[in-house]
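Coordinate inspection notes
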Amino acid sequence: MESKILINPSILNADFNDLENEIDKVASTSDYLHLDIMDNIFVPNFTFDLDRAFEIINFSKLPVDAHLMIDNPDEIAPLYAENGCTSVTFHLEAATDVSKIIREIRANGAKVGLAIKPATPFADVERWIEEIDMLLIMTVEPGFGGQSFMHDQMLKVKQARTFIEKLIEVKPTLQIDGGVSLETIAEGAKAGANCFVAGSAVYKSDKPAEMVSNLRELARKNYPF
């Protein structure tokens, strides 16, 4: 069976004043839209408030995975599920009650993603792997687009993939986010990631949809699982 590789463009580097058209540029070749939500508290940057985020979810032609880089996911994460997100990803480091957030996201009809920052070891998230649909390992410090890929995070990706492959009933998607490009995606795929968030690589390309396809092909060729 061919491995399923997912490419999820991030609109962090898109034109915020023309997002509907920016999303349309990649809708034909992408799997999800990666919607970065930053609150200028958990990370030192701000992107969208709730009202604007829900507008984007509503007009996106792609299913939306909201990546919540916010300090109160216990209250906010379920709202994204209620308002049409296909998947809602929140950060372990910001959560008060991880299991409760997982239950409430799922109860509102969305898939559940759990994210960890570069300094957070895989061991800290291991206990929830069988409860989630996706693990996101950040390959930059969250907060800004255009950062360099952190190669040292590949050890963590390998640890996660080894753990996931031992599971029988549930094998969550393993996503990386940050610095993903034609130069780095093969390394991520070889380590075991099968879902890739790409922002700068896609939206700084002259042909964003074609870039998504090129990234996917490179990942497919290098994903060994």
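Residues numbered from 1 in each chain as written. Predicted model: local features only at pLDDT ≥ 70, side-chain atom pairs only at ≥ 80, totals over all residues. Heavy atoms only, no water.

Our next topic: helix α2 (residues 50-59). Where α2 is concerned, the buried positions are A53, F54, I56 and I57. The arc enclosing the buried residues of α2, seen along the axis, measures out at 155°, which places them on a common side. Opposite its buried face, α2 presents the exposed residues D51 and N58, each directed more than 90 degrees away. In the core, the buried residues of α2 are packed alongside α1 (19-24), β2 (33-38), β3 (64-69) and α3 (73-82). Among the residues of α2, the N-terminal cap falls to D49, whose side-chain oxygen and the backbone nitrogen of D51 are separated by 3.3 Å. (Buried < 20%, exposed > 50% of the residue type's maximum accessible area, 1.4 Å probe, protein only. Helix = DSSP H or I, 4+ residues; strand = E, 2+ residues; numbered from the N terminus. Arc of directions from axis to C-beta. Contact = heavy atoms within 4.5 Å. Polar contact = N/O pair within 3.5 Å; in protein donor to acceptor, adjacent residues only side chain to side chain.)

As a further point, take the packing of α3 against helix α4 (residues 98-107). Across the interface, α3 lies against α4 with an axial gap of 8 Å and an inter-helix angle of 15°. Here α4 runs roughly parallel to α3, going by the angle between their axes. Taken as a pair, α3 and α4 cross one another with a handedness that is right-handed. On the side of α3, the interface is formed by P73, D74, A77, P78 and A81, while α4 contributes I101, E104 and I105. Looking at side-chain class alone, the contact of α3 with α4 contains six nonpolar, no polar and two charged residues. (Axes fitted to C-alpha atoms, helices over the stretch in contact; angles between N-to-C directions. Parallel < 35°, antiparallel > 145°, perpendicular 65-115°, else oblique. Left-handed = near helix turned anticlockwise from the far one by under 90°. Nonpolar A, V, L, I, M, F, W, Y, C, P; charged D, E, K, R; others polar.)

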